[in-house]
Amino acid sequence: MRASAVRQAIIEALQAVLTDSRARGSDTLSVHRHPSPPESVPSRTAMVSLLSAPTKSDLDTCDLFEVTYQVAIYYPAGADTEDRVAADAERLYRPLWRLHESHADMVSSEPGAPSVEESLGMVTLRLDLAITYRLDSTLI
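Novice: Describe in detail the nonpolar core, supporting the description with residues and values.
Specialist: Grouped together as the largest cluster of nonpolar side chains are 32 residues, with contacts concentrated most on V6, I10, I73 and Y133. Secondary-structure elements contributing two or more residues to this core are α1 (3–18), β2 (45–56), β3 (64–76), α2 (81–97) and β6 (122–134). In terms of residue count, α1 provides more of this core than any other element does, nine residues in total. Judged by nonpolar contacts, the second largest core, of five residues, contains V41, A72, Y74 and M122.

Novice: Which residues make up the pattern of salt bridges, and what values go with them?
Specialist: Counted according to the given criterion, the structure contains four salt bridges. The salt bridge partner of R44 is D88, with a shortest N-O separation of 3.0 Å. A residue pair is termed long-range when its members are at least 10 positions apart, and R44 in the loop between β1 (30–31) and β2 and D88 in helix α2 qualify at 44 residues. By relative accessible area, which is 1% here, R44 ends up buried. Its relative accessible area of 1% is what places D88 among the buried residues.

Novice: Quick one: what's the story with the packing of aromatic side chains, residue by residue and with numbers?
Specialist: Scanning the model with the defined rule gives two aromatic pairs in all. Measuring from ring centre to ring centre gives 6.5 Å for F65 and Y133, while their planes differ by 45°; the resulting arrangement is tilted. Of this pair, F65 sits in strand β3 while Y133 sits in strand β6, and the two are 68 residues apart along the sequence. Accessibility classification places F65 together with Y133 in one group, the buried group. An angle of 15° between the planes, with centres 6.2 Å apart, marks the rings of Y93 and W97 as stacked.

Cut-off values and rules
Residues numbered from 1 in each chain as written. Predicted model: local features only at pLDDT ≥ 70, side-chain atom pairs only at ≥ 80, totals over all residues. Heavy atoms only, no water. Core = buried A, V, L, I, M, F, W, Y, C linked by side-chain atoms within 4.5 Å. Buried < 20%, exposed > 50% of the residue type's maximum accessible area, 1.4 Å probe, protein only. Helix = DSSP H or I, 4+ residues; strand = E, 2+ residues; numbered from the N terminus. Salt bridge = Lys/Arg side-chain N within 4 Å of Asp/Glu carboxyl O. Phe/Tyr/Trp six-rings, centres within 6.5 Å; stacked < 30°, edge-to-face > 60°.

Dropping the structure here:
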């Protein structure tokens, strides 16, 4: 597994969880694939950014690496935004905590405590996700 596959697995987990809860028919989840946060969003927008580059794990194996991604979900400000943020934080925890169970090359996935900030007419839910994974044998 490579770090890019870890990122893709996180994105797929986000899409699976967040699309089952919509504020209205037009509420969708898009993934922003640029390295900088959007200035405004029309509906929920997620971004998965590399927070800590892959490093060799301290565990006594030659193929375990650790990487940390930050998951950020941006919401347009509205009357029900805080409730939607709270509901999404509840929905996300278990799938991200158990992400390694559905990927053979992941050893563990540990979400940090989510935080919320408000700026530029948006509310942002952020959490860090530390993943331990087995690096492709061709790279060792």
